[in-house]
Amino acid sequence: MIYNQSIIKYMKKVVLLLRVSTNSQDYEYQRSTLTDLCKRNGWQIVNTFENKISGAKKNEEREEIVELLGYIKNNEVDMVMATEVSRVGRNTLEALKTIEILNENKVNLYFANYNIETLLPDKTVNPIARLILTICLEISAYERNLIRYRMKAGYDDYLKRRKEDPALRLGRQGYKKDEQSYREEYAQELSLLRKGISLRNVQKITGTSIGTLQKIKKLM
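Residues numbered from 1 in each chain as written. Predicted model: local features only at pLDDT ≥ 70, side-chain atom pairs only at ≥ 80, totals over all residues. Heavy atoms only, no water.

Colleague: Describe the pattern of salt bridges, and please don't skip the residues or the numbers.
Modeller: Tallying each qualifying case throughout the model produces three salt bridges. One salt bridge connects Arg-31 with Glu-50, and the closest N-O pair in it is separated by 3.1 Å. Of this pair, Arg-31 sits in helix H2 (residues 28-41) while Glu-50 is found in strand E2 (residues 44-52), placing the two residues 19 residues apart along the sequence. Residue Glu-50 is classed as partly exposed on the basis of its relative accessible area of 36%. Residue Arg-87 pairs with Glu-84 through a salt bridge whose shortest N-O separation is 3.6 Å. What makes Arg-87 buried here is its relative accessible area of 7%. By relative accessible area, Glu-84 is classed as buried at 14%. (Salt bridge = Lys/Arg side-chain N within 4 Å of Asp/Glu carboxyl O. Helix = DSSP H or I, 4+ residues; strand = E, 2+ residues; numbered from the N terminus. Buried < 20%, exposed > 50% of the residue type's maximum accessible area, 1.4 Å probe, protein only.)

Here's what the structure looks like:
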C-alpha cells in the first residue's frame, strides 16, 4: 500500500491543450490521441484547456492560452501536451512567447506528432526542440502566406478578365468564396491530407465524408 501511494505521489501531472479552427470541428481526435499517450506512460491528466479559434490569433485573444498560463503558475504541473505545434499558435512569435513562459516556469511542453519536448530531464531548455519548432512554425506561416498570395493573384486575374467578359462575375466570385470557406472550415482535414494520410483514415479521424474530402484534396 505504501508503494502504491508513492507511485501516485510522483505521477507526472499533465495538462492537455486542444484547439480547432472552426465550430464545425471537434476535439475528439486530439483528446483521444493525448489521453492514450498519458495512459501508456502512466501520466495523470489534471486539467484540459480547449478553444475553437484561429491559431493565428494573439495570446491575449486566446482564452485557453490565458487560462493555461494562469493555471500553471498557481498549480503543480509537469507537462503541457498538444498534438502539434499549431495548437499553441501558428503565429511564430506568439507560439514562442507561450513556450518561453512555460520554460520559465519549468513546465515541459510535449508535441505528440514529433515526439519532442521543450525541456530536457534537468528542466533546462532543449535547444534542438526550439530549433525544430521554430522551423515548423515558419513553414506553417509560409504556407498560409502562399495560399493568400495565390488566392489574391487568382482574384486579380479574374478582375482583369471580367472587364473583357462580365459573364464571369457570378461563377468566379462564387468559386472564390467557396474555396476560401473550404480552407477555413476544413483546416484539420487539409493538414491531415498534406501529411499523406489516406481519405478513408481522415474520414475516420474527422467524420468528414469521402466526397467532401475529395473536394478538399483538390485544394492542396
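There is more to say after this.
Colleague: Account for empty space enclosed by the protein, with residues named and values stated.
Modeller: If a probe as big as a water molecule is rolled over the atoms, it shows which places are left empty. Per the counting criterion, the structure on display carries one cavity of 30 Å³ or more. In this structure, the largest cavity encloses a volume near 50 Å³. In terms of lining residues, the largest cavity is bounded by Leu-96, Ile-99, Asn-103, Thr-118, Val-125, Asn-126, Ala-129, Arg-130 and Leu-133. Secondary structure elements with two or more residues in the lining of the largest cavity: helix H4 (92-104) and helix H5 (127-164). Tallied by class, residues from the lining of the largest cavity come to five nonpolar, three polar and one charged. (1 Å grid on protein atoms, 1.4 Å probe; cavity = no way out; pocket = protein on both sides within 12 Å on 5 of 7 lines; lining within 4 Å. Points joined across faces, edges and corners; volume = space filled by probe spheres on them. Nonpolar A, V, L, I, M, F, W, Y, C, P; charged D, E, K, R; others polar.)

Colleague: Which residues make up a nonpolar patch on the surface, and what values go with them?
Modeller: On the surface, Leu-131, Ile-135 and Ile-139 cluster together into a nonpolar patch covering about 280 Å² of accessible area. Locating Leu-131 in the fold gives a position in helix H5. (Patch = residues over 30% accessible without salt bridge, like charges linked within 9 Å, V, L, I, M, F, W, Y side chains within 5 Å. Areas by Shrake-Rupley, 256 points an atom, 1.4 Å probe, with all protein chains shown as cover.)

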